Amino acid sequence: MSGETTRLLVRFGRRYAAGVRLAALVPICVIALFRAPPEQVTSTAYVVGAAAGWTCGYAWWLRAGRGSAPVALDVVVMLGLFASVLWTDAVEDRNTGWLRLLVTFAGVTCQWHTPAPAGGAAALVAGGGAVVILFAAGAWDVDPALVRGTMWAVPAAVLSRAAWALVQRAAERADRMAAEAERARNESLLAAAIRTEEREHVNSLHDTAATTLLMVGIGQVHADADWLAPQARRDLDRLRYDSRRAPEFADLVGLLRADLDAARLTVQFYAPARLPLPFDVARAIADAAREALTNVRRHAGTTCATVLLRGDGAALCLDIADQGKGFSPRDVPATRRGIRESVRGRMDRVGGTATITSAEGEGTLVRLEWRAAP
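In what follows, the accompanying structure is described. (Residues numbered from 1 in each chain as written. Predicted model: local features only at pLDDT ≥ 70, side-chain atom pairs only at ≥ 80, totals over all residues. Heavy atoms only, no water.)

**Focus: the packing of aromatic side chains**
For the structure shown, the criterion picks out five aromatic pairs. One aromatic cluster is present, formed by Phe12, Tyr16, Trp112 and Trp164 through successive ring pairs. (Phe/Tyr/Trp six-rings, centres within 6.5 Å; stacked < 30°, edge-to-face > 60°.)

**Description of the nonpolar core**
Counting 46 residues, the largest nonpolar core has Met78, Leu81, Phe82, Val85, Val91, Trp98 and Leu102 as the members making the most contacts within it. For this core, the elements supplying multiple residues, two or more each, are helix 1 (4-35), helix 2 (41-64), helix 3 (71-82), helix 5 (97-110), helix 6 (116-136), helix 8 (144-151) and helix 9 (153-217). Here the element with the most residues in this core is helix 1; it accounts for nine residues. Ignoring sequence-local partners within four residues, the contact set of valine 85 consists of Ala90, Val91, Thr96, Leu99, Ile133 and Ala137. Core analysis: the next-biggest nonpolar cluster, separate from the first, contains 38 residues, Ile285, Leu293, Ile339 and Met347 among them. (Core = buried A, V, L, I, M, F, W, Y, C linked by side-chain atoms within 4.5 Å. Buried < 20%, exposed > 50% of the residue type's maximum accessible area, 1.4 Å probe, protein only. Helix = DSSP H or I, 4+ residues; strand = E, 2+ residues; numbered from the N terminus. Contact = heavy atoms within 4.5 Å.)

**Looking at helix 2**
In a regular helix each residue adds 1.5 Å, so 24 residues correspond to 34 Å; helix 2 covers 34 Å between its end C-alpha atoms and thus fits that length. Looking only at helix 2, the buried set comprises Ser43, Thr44, Val47, Val48, Ala51, Trp54, Thr55, Tyr58, Ala59 and Leu62. The elements touched by buried residues of helix 2 are helix 1, helix 3, helix 4 (85-88) and helix 5. In the stretch just after helix 2, glycine 65 is the one whose phi turns positive, near 65 degrees. (Expected span 1.5 Å × (residues − 1).)

**Brief notes about the pairing of strand 6 (residues 353-358)**
Side chains Ala354, Ile356 and Ser358 project from strand 6 onto a buried face, and the interleaved Thr353, Thr355 and Thr357 project onto a face without burial. In terms of strand pairing, strand 6 meets strand 7 (residues 364-371) through six bridges, oriented antiparallel. Of the residues in strand 7, the one forming a bridge with threonine 355 is arginine 367. The turn linking strand 6 back onto strand 7 is made up of five residues, and glycine 361 within it adopts a positive phi angle of 80 degrees. (Pairing = 2+ DSSP bridges.)

**Considering the environment of alanine 24**
Locating alanine 24 in the fold gives a position in helix 1. On the basis of relative accessibility, which here comes to 9%, the residue alanine 24 falls in the buried class. Linking alanine 24 and phenylalanine 105, residues 81 residues apart in sequence, is a C-alpha distance of 7.9 Å.

**Details of the environment of alanine 123**
Locating alanine 123 in the fold gives a position in helix 6. Discounting chain neighbours no more than four positions away, the residues touching alanine 123 are Gly107, Gln111, Gly128, Val154 and Ala157.

**Examining empty space enclosed by the protein**
Tallying each qualifying case throughout the model produces three cavities of 30 Å³ or more. Counted as a void, the largest cavity has a volume near 50 Å³. The wall of the largest cavity is formed by Val71, Asp74, Val75, Met78, Ala106, Gly107, Cys110, Ala122 and Ala126. Breaking the lining of the largest cavity down by element, the ones donating at least two residues are helix 3, helix 5 and helix 6. (1 Å grid on protein atoms, 1.4 Å probe; cavity = no way out; pocket = protein on both sides within 12 Å on 5 of 7 lines; lining within 4 Å. Points joined across faces, edges and corners; volume = space filled by probe spheres on them.)

**A few points about the sheet that holds strand 4 (residues 304-311)**
Taken together, five strands build an open sheet; the order of strands is 2-4-5-7-6 and the sheet is mixed. Whereas interior strands pair on both sides, the edge strands pair on one side only; in this sheet they are strand 2 (266-270) and strand 6. Each strand of the sheet is rotated relative to its neighbour by a mean of 15 degrees, with strand direction disregarded. Bridge analysis of strand 2 against strand 4 gives five bridges, and the strand direction is parallel. (Axes fitted to C-alpha atoms, helices over the stretch in contact; angles between N-to-C directions.)

**Topic: unusual backbone geometry**
Phi is positive for aspartate 89, which is not a glycine, with a value near 60 degrees. Of note, aspartate 89 is situated in the loop between helix 4 and helix 5. Taking relative accessible area as the criterion, aspartate 89 reaches 36% and is therefore assigned partly exposed. One non-glycine residue, arginine 94, lies in positive phi territory at about 55 degrees. Relative to the elements of secondary structure, arginine 94 occurs in the loop between helix 4 and helix 5.

And the structure:
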């Protein structure tokens, strides 16, 4: 299948051929009438009128793009017009130049909108036929230059075809390059999507089951804690939910409340009644907030936190603050995923930002900000 560049070139070839034929028509007709002797002006004018009418109709056909152009009929008309030298005394008056130009422009422009075999045959038949007609009219005996000049119609068409072939080859190469670039782009997007999905799956695993098991493993939580089994079920439900088809929109406030209920912290929550957002945005912000609350429970040395949500569907700010022991964000190892991926990474992927402000003994403020793309 032809690429976009090739299709545009085909349309350009038809329109450019029509434009050249029309542009050349006026000077050709002027030459014909100007060089005709007075006694042949009327007969020459009839031929000129026929040539003008056909050229205008053929140009309209080309520009309209209504199927294949009637190239064979164009050749027949050109030879019919050229045969007028047999009764207009154009050979004796040496007034065949305008007909030669008419045939030459037809052969040259034909190469821009036809396959090579059809264009070559049309140019050969039109140019060769014109030479035969001149011989039949005795032009060689009157002035051999009349015949030799007409013979150049075929080489001119050959050169036109060669130039057009180079342009077509360049268009095909451009299409191949565009196709390769599009294929590479699609492969890159697919790979990025896979990496994003894998990263989010790892983040979900880190934020849910891995965190719960780690707390049990290091003795921070007793294995017989009454909340452990329900928490494990919630973790598994969340991992299963990630693999299902997500809705288009979600209520961020509802997602935050669901996570607060499982946070096992005393949380002061301030938020509007509802805040609908695109699902991926709402899920990312809620997950980042949940990770921030998990860090409060595990590291802050406090059981209290404040969550403040303000804004709307165009821009919002979510603060998670605690008055715990605080920490130095610069001292967090690069290998730790919590802040790097589960908070900042999630916000980055939906076009938001995460800012962590903390210091030893001064508590921690995690600010999540998001603004809809303009």
